[in-house]
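# Observations on the three-dimensional arrangement
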Amino acid sequence: IGVSSRHSCTALPTRPPNMWSTWPVALAGAAAVAAGHPAPISDALLSSTLAEVLAHADVSQGPRIAPAWTANVTQLFGASSLGYQVGSYAYDQAGRRWRATMCSNNTIFHASGDMLCFDQLSVDLHGASPFDTNLTVGTGSGTVCREEPYPFSDTFGLLSLATKTGSSSVAGVLCDLWYAAVTTPQGQNITASACVAADGVPRE
């Protein structure tokens, strides 16, 4: 599948803080602590925490996820102003890698909209580098590519702890509903859900 190579990111001589993660987490963390709740954790810590949770858990109860597949996808981020993104997703379980390429028409700055595109590739480098993830934003000459200090995390790994909660259908395809929930040592509650078809490919 189409995840055989990494983006051509140029390493920066000095790495500034990852503003997308650091600032929201810091602000949300202060608010959470003030309210008496556990502070949010960064994406990097979340990835490593999930890996640790899965390494010490019985991962035999969840759905069978197909080992390699590609799919057309529609995604909605937590920030609704980004709108729905449409693109493709490639998953390679044995190779421990995945790639998501998606675009949306963003109307924040212009009524007619601007194409906002993300191309994210994550590959398990087995400790050879702390930068398992690359993120490319934009298109054409305006493209910016950055190596991210996030360890590889299997997108569907948490489903290995899931229990079946029912059945449904997506676009006319029958699928089983699965739900998983864990609490990290930091006190964070993490959940995952999916509707997995008979072919092992999640439909939702």
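Residues numbered from 1 in each chain as written. Predicted model: local features only at pLDDT ≥ 70, side-chain atom pairs only at ≥ 80, totals over all residues. Heavy atoms only, no water.

## Some details on the sheet that holds strand S8 (residues 173-183)
- Read across the open sheet, the three strands follow the order S7-S8-S9; overall the sheet is antiparallel. Strands with a single pairing partner mark the edges of an open sheet, and in this sheet they are strand S7 (163-170) and strand S9 (189-197). Between one strand axis and the next, the sheet turns through 25 degrees on average, direction left out of account.
- Where S8 meets S9, nine bridges bridge the pair, whose relative direction is antiparallel. Bridge assignment links threonine 183 to a residue of S9, and that residue is asparagine 189. (Pairing = 2+ DSSP bridges. Helix = DSSP H or I, 4+ residues; strand = E, 2+ residues; numbered from the N terminus. Axes fitted to C-alpha atoms, helices over the stretch in contact; angles between N-to-C directions.)

## Some thoughts on unusual backbone geometry
- For histidine 126, which is not a glycine, the phi torsion comes out positive at approximately 55 degrees.
- By the secondary structure assignment, histidine 126 is in the loop between strand S4 (114-123) and strand S5 (133-137).
- Histidine 126 sits in the exposed class, given a relative accessible area of 64%.
- Notably, alanine 171 is not glycine yet its phi reads approximately 55 degrees, a positive angle.
- Note on placement: alanine 171 falls in the loop between S7 and S8. (Buried < 20%, exposed > 50% of the residue type's maximum accessible area, 1.4 Å probe, protein only.)

## Section: the packing of aromatic side chains
- Evaluated as defined, the whole model comprises six aromatic pairs.
- Seen from their ring centres, tryptophan 69 and phenylalanine 156 are 5.7 Å apart, and the 50 degrees between their planes marks the pair as tilted. Note that tryptophan 69 is positioned in strand S1 (residues 68-76) and phenylalanine 156 in the loop between strand S6 (144-148) and S7, a separation of 87 residues in sequence. There is no split in this pair, since tryptophan 69 and phenylalanine 156 are both buried.
- What makes phenylalanine 156 buried here is its relative accessible area of 17%.
- Here a set of aromatic residues connected by ring pairs shows up, and it is made of Trp69, Tyr89, Tyr91, Trp98 and Phe156. (Phe/Tyr/Trp six-rings, centres within 6.5 Å; stacked < 30°, edge-to-face > 60°.)

## With respect to the state of the cysteines
- One pass over the structure, following the stated rule, counts two disulfides.
- Here cysteine 175 connects covalently by a disulfide to cysteine 195, the sulfurs 2.0 Å from one another. The disulfide joining cysteine 175 to cysteine 195 has a torsion of about 90 degrees about its S-S bond and is therefore right-handed. Placement of the pair is cysteine 175 in strand S8 and cysteine 195 in strand S9, with a sequence separation of 20 residues. (Disulfide = S-S within 2.5 Å.)

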